[in-house]
Amino acid sequence: MKPVISRAIEIARTQIGVRESNDNSGPKVQEYQRATTLGGTHWPWCAAFIAWTFRTAGLSLKVDIPWTYSASCDVILADAKARGLIRPTPETGDIGLVRAKKTARAGGGYSSTDAIHVFIIDTVNADGSFTTIEGNTNNSGGREGIGVMKHTRRNDGRYFFVRWADAIADAKPPKPYTASIDIHKGVGASVRALPSKTENNTVLVSARAWGEARGQTVEWSDADGAVLYDGEEVPLQPQLFDGSAYFPLRALTDLAGGIVMVDPVARTAKAVLTK
């Protein structure tokens, strides 16, 4: 099994027991949902759980997993078909998609294009059953539930199995994030790119560029090993690269009372501040 698939299973196991709150939301569920290309919260999150699992596994091993990062099971199915990744029987690490039932008028059976739930396969058992880790499920294995749970299922024709490991043979380290600062004042806004580095999955930005973008004087204190903005010491430990100080973008943004908008697909991180 490829290391990144093993890592994805390990990460999924750590989430068993997570519960949603306030109808398809809650702190951890929102974290899953932010791993997809769909914004907001309060929407079914089984696919978001898988997206978050793969995103976290890829980041931890510094490989780029070509996942769809969609919140739609149908999109995952269509993408898997286009890549030729559908398999008739499950293997550990596969992604399973539950097929929708067709109406009697439509001929019965199961749809070939409509998927209604998704999970990751933890193990395949000797009796032909397989155990799964599923987000947004319930005790009976439903697709609209309350949390992350482990279930046992049988290959009874209801499932598509996606051998995603076969799509990452040429996986490579993800490209670093690019960073920017977006400062709103009245009805206007100024956007400036910031020199940045991506270290251990953290976006760091130039301390000088950040301060200058905000119209502050930037100084360095040799005595304290600290950066000063307008004469005030920044309460963060700078990281030095070739003699230049860098801070985590999110930490700087929190100090400034702003928010960080991250696009994991485009690999961009933007600090949004309001004066």
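Before any of the text, the structure's been laid out above.
Just so we're clear, the structure is a prediction, and the values are computed from it rather than from any experiment.

**Focus: the sheet that holds strand β2 (residues 95-101)**
Read from one edge to the other, the open sheet built from 6 strands follows the order β1-β6-β2-β3-β4-β5, with strand pairing classed as antiparallel. The sheet is open, and its two borders are formed by β1 (86-87) and β5 (147-154), each paired with just one other strand. Pairing of β1 with strand β6 (residues 159-162) involves 2 bridges; the strand directions are antiparallel. Across the sheet, residue I86 finds its bridge partner in β6, namely V162. Contacting β3 (110-124) and β4 (129-137), helix α1 (residues 3-14) crosses the sheet at an angle of about 90° to β3.

**Thoughts on the pattern of salt bridges**
Counting across every chain of the model gives 12 salt bridges. Here D94 ties to R163 by a salt bridge, and the two come within 2.6 Å at their closest N and O atoms. Remark: R163 occurs in the loop between β6 and β7 (178-185) and D94 occurs in the loop between β1 and β2; sequence separation between them is 69 residues. Classification of D94 as buried rests on a relative accessible area of 2%. As a salt-bridge pair, R154 and D127 come within 3.2 Å of each other at their nearest N and O atoms. Here the residue R154 occupies a position in strand β5, and D127 occupies one in the loop between β3 and β4, the gap between them amounting to 27 residues.

**A word on unusual backbone geometry**
Even without a glycine there, the phi angle at N24 is positive, about 60°. Counting through the fold element by element, N24 comes out in the loop between α1 and α2 (27-33). Positive phi, close to 65°, is recorded for H42, a residue that is not glycine.

**Observations concerning the packing of aromatic side chains**
In this structure the tally under the stated criterion is 11 aromatic pairs. Here F119 and Y159 contribute two aromatic rings whose centre-to-centre distance is 5.8 Å and whose plane-to-plane angle is 80°, an arrangement assigned as edge-to-face. Remark: Y159 occurs in strand β6 and F119 occurs in strand β3; sequence separation between them is 40 residues. Pair check on accessibility: F119 and Y159 agree, each one buried.

**Brief notes about the state of the cysteines**
Under the counting rule described, the total for this entry stands at 0 disulfides. Here C46 is not cross-linked by a disulfide; its sulfur's nearest cysteine counterpart is in C73, at 3.8 Å. The class of C46 is buried, set by a relative accessible area of 5%. The class for C73 is buried, based on a relative accessible area of 8%.

**As for the side chain of D94**
Within polar-contact distance, the side chain of D94 engages the backbone nitrogen of E91 at 2.8 Å. Filtering out sequence-adjacent residues up to four positions away, D94 remains in contact with T89, F119, I120, I121, F161, V162 and R163.

**A few points about the nonpolar core**
Core analysis: the largest hydrophobic core is formed by 41 residues, its most contacted members being F54, W67, L97 and W164. Tallying contributions element by element places helix α3 (residues 46-61) first for this core, with 9 residues. By size, the runner-up hydrophobic cluster in this structure holds 23 residues, among which are A209, Y229, V234 and F247.

**Side note on the environment of A207**
Mapping A207 onto the fold places it in helix α5 (residues 207-213). Separated by 33 residues in the primary sequence, A207 and L240 place their C-alpha atoms 9.9 Å from one another. In this view, A207 contacts V218, V227, Y229, A245, Y246 and F247; residues no more than four positions away in its chain are not counted.

**Some details on the pairing of strand β16 (residues 259-263)**
Bridging between β16 and strand β17 (residues 268-274) involves 5 bridges; their strand directions are antiparallel. When the bridges of β17 are listed, V262 appears paired with A269. Between β16 and β17, which pair antiparallel in sequence order, lie 4 residues; one of them, R267, sits at a positive phi of approximately 60°.

Procedures and definitions
Residues numbered from 1 in each chain as written. Predicted model: local features only at pLDDT ≥ 70, side-chain atom pairs only at ≥ 80, totals over all residues. Heavy atoms only, no water. Pairing = 2+ DSSP bridges. Helix = DSSP H or I, 4+ residues; strand = E, 2+ residues; numbered from the N terminus. Contact = heavy atoms within 4.5 Å. Axes fitted to C-alpha atoms, helices over the stretch in contact; angles between N-to-C directions. Salt bridge = Lys/Arg side-chain N within 4 Å of Asp/Glu carboxyl O. Buried < 20%, exposed > 50% of the residue type's maximum accessible area, 1.4 Å probe, protein only. Phe/Tyr/Trp six-rings, centres within 6.5 Å; stacked < 30°, edge-to-face > 60°. Disulfide = S-S within 2.5 Å. Polar contact = N/O pair within 3.5 Å; in protein donor to acceptor, adjacent residues only side chain to side chain. Core = buried A, V, L, I, M, F, W, Y, C linked by side-chain atoms within 4.5 Å.

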